[in-house]
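Coordinate inspection notes
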Amino acid sequence: QVAILLDTSNSMDGLIDQAKSRLWNIVNTLTTLKYDGKAPKIEIALYEYGNDGISDKNWIRKVTPLTQDLDLISEKLFSLKTNGGTEYCGAVIKDATSQLEWNNSANSMKLVYIAGNEAFNQEGINYKEAIADAKKKNIYINTIFCGSREEGIRTLWQDGATQGNGKFFNIDSNRKVVYIATPFDDKISDCNVRLNDTYIGYGSSGREKKIMQETQDQNAASMSYSNAVERSVAKSKKAAYRNDSWDLVDKAESDKDYLGKIKSEELPAELKGKSKAEIEKIVDQKSKERANLQKEIAELAVKRQNFIDEEMKKRGGADSDDLGKAIESSIFDLAGKNGYRK
């Protein structure tokens, strides 16, 4: 479970752009982890704070709860706007700790990432008290200061991470994310187009959610072609990208009896009037197509990542100073301490 707390005050446009550019990279990092050999369920939550346009007394808004609906996270992330503000780090950590439905299992890894550029101890809730409450739930507090390392230490962002048993990072939030094009990107993008065609929207939200899926493809591409490829890779991973609530293929896989129970009015136009056997055959065919495409993307993704890793070695890691890379490095370190393995 990962909660991302973003400062959306006036100076943070660069941070928001980095978050948009790195969301799918973060998802793909999480999906490399295994616990007892199995891929864990992934949930992400999003908060914004420090924005005068928010009516809350501490200028904090829970944008999404912890959710597996990654298209929703993407949609809400792309809707964030910056506006003025005073940033209360302690208050937003307290809200995330108390408002979100954190898993009580000892095997669950719970991470908070808070990013901003003002003093960590501004008015309101004492950050040490908020972090102490988070630690009672075994939540790790990671801090990402947008500015120099020295200033981040002086303004107590490092202390926040130390108090929360997490990691402290500093980044240049105005730096553009640098992507590395690979020979495998076009093939993955082609697979993604065909992958979208395997989704069958059902119920009241089916059509709307299928449109959202394509819109979030476009949002990812608006940041860069490589970012769109990262999203395509994330969509190929069943542990992370599942849509049982609106896609008939995922729903039929999780509930084997559902196709026999579904009401006619819940069916999409292309399935109305068809027999149960015909519907089952179509869904089964789409399921097999999807599995083949996911396998093909997964194989291409390994080659792509190897290419990127080699190119990064040549560059000496010079392009790694951004939000996504900070989160990525801390995920691997904290995961190892909690029994997760790559």
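Parameters at a glance
- Residues numbered from 1 in each chain as written.
- Predicted model: local features only at pLDDT ≥ 70, side-chain atom pairs only at ≥ 80, totals over all residues.
- Heavy atoms only, no water.
- Phe/Tyr/Trp six-rings, centres within 6.5 Å; stacked < 30°, edge-to-face > 60°.
- Helix = DSSP H or I, 4+ residues; strand = E, 2+ residues; numbered from the N terminus.
- Buried < 20%, exposed > 50% of the residue type's maximum accessible area, 1.4 Å probe, protein only.
- Lys NZ or Arg CZ within 6 Å of the ring centre and 35° of its normal.
- 1 Å grid on protein atoms, 1.4 Å probe; cavity = no way out; pocket = protein on both sides within 12 Å on 5 of 7 lines; lining within 4 Å.
- Points joined across faces, edges and corners; volume = space filled by probe spheres on them.
- Nonpolar A, V, L, I, M, F, W, Y, C, P; charged D, E, K, R; others polar.
- pLDDT = per-residue confidence, 0-100.
- Pairing = 2+ DSSP bridges.
- Axes fitted to C-alpha atoms, helices over the stretch in contact; angles between N-to-C directions.
- Contact = heavy atoms within 4.5 Å.
- Parallel < 35°, antiparallel > 145°, perpendicular 65-115°, else oblique.
- Left-handed = near helix turned anticlockwise from the far one by under 90°.
- Expected span 1.5 Å × (residues − 1).

The tally for this structure, following the rule as stated, stands at 8 aromatic pairs. With 5.8 Å between their ring centres and 55° between their planes, W59 and Y88 make a pair best called tilted. Note that W59 is positioned in the loop between β3 (44-49) and β4 (60-67) and Y88 in the loop between α2 (70-79) and α3 (89-99), a separation of 29 residues in sequence. What makes W59 partly exposed here is its relative accessible area of 24%. Looking at Y88, the relative accessible area reads 10%, which means it is buried. Over the ring of Y179 we find R22; its NZ or CZ atom is 5.5 Å from the centre of that ring. Sitting over the face of the ring of Y199, R290 holds its NZ or CZ atom 3.7 Å from the ring centroid.

What the largest pocket holds in volume is close to 640 Å³. Taken together, 27 residues form the lining of the largest pocket, with N25, N28, T32, E230 and Q305 sitting closest to its centre. Where the lining of the largest pocket is concerned, the elements lending two or more residues are α1 (13-30), α9 (225-235), α12 (276-315) and α13 (323-337). Across the lining of the largest pocket, the residue classes tally to 10 nonpolar, 8 polar and 9 charged. Space inside the second largest pocket adds up to approximately 270 Å³. If you trace the second largest pocket, you find 13 residues lining it, with Q1, P40, K41, S108 and Y340 closest to the centre. When grouped by side-chain class, the residues that make up the lining of the second largest pocket number 8 nonpolar, 3 polar and 2 charged.

Averaged over all residues, the pLDDT of the protein equals 93, while 99% of them reach at least 70. The secondary structure element of the protein with the lowest average pLDDT is α13, at 85, and the one with the highest is helix α7 (residues 185-196), at 98.

With that settled, consider the sheet that holds strand β7 (residues 165-171). Pairing within the open sheet is mixed, and its 6 strands lie in the order β4-β3-β1-β5-β6-β7. Looking along the sheet, the strands with just one partner apiece sit at the ends: β4 and β7. In this sheet, neighbouring strand axes are inclined to one another by 15° on average, regardless of whether the strands run parallel or antiparallel. Across the sheet, α2 lies against β1 (2-7), β3 and β4, angled at about 15° from β3, the strand it touches most. Along the sheet, α3 contacts β1, β3, β4, β5 (110-116) and β6 (139-146); its crossing angle with β3, the most-contacted strand, is approximately 150°.

Between α1 and α9, whose axes approach to 8 Å, the crossing angle comes to 30°. As judged from the angle between their axes, α1 and α9 are roughly parallel. The way α1 lies across α9 gives a crossing that is left-handed. Residue-level inspection shows K20, S21, R22, W24, N25, V27 and N28 of α1 in contact with α9, the latter providing N227, E230, R231, V233 and A234. Taken together, the residues that form the contact of α1 with α9 break down as 4 nonpolar, 4 polar and 4 charged.

Moving on: α13. Compared with the 21 Å implied by 1.5 Å per residue over 15 residues, the 22 Å span of α13 between its first and last C-alpha is a close match. Within the sequence span of α13, burial applies to L323, G324, A326, I327, E328, S330, I331, L334 and A335. Looking at the buried residues of α13, the elements they touch are α1, β5, β6, β7 and β8 (340-341). Positioned one or two residues after α13, G339 has a phi angle of 85°, which is positive.

Leftover empty space is mapped by rolling, across the atoms, a probe with the size of a water molecule. Counted according to the given criterion, the structure contains 1 cavity of 30 Å³ or more. Quantified by volume, the largest cavity comes out at close to 60 Å³. Of all the secondary structure elements, the ones that give two or more residues to the lining of the largest cavity are α1 and α2. Of all the elements, α1 adds the most residues to the lining of the largest cavity, at 3 residues. Here the lining of the largest cavity is built from residues that sort into 8 nonpolar, no polar and no charged.

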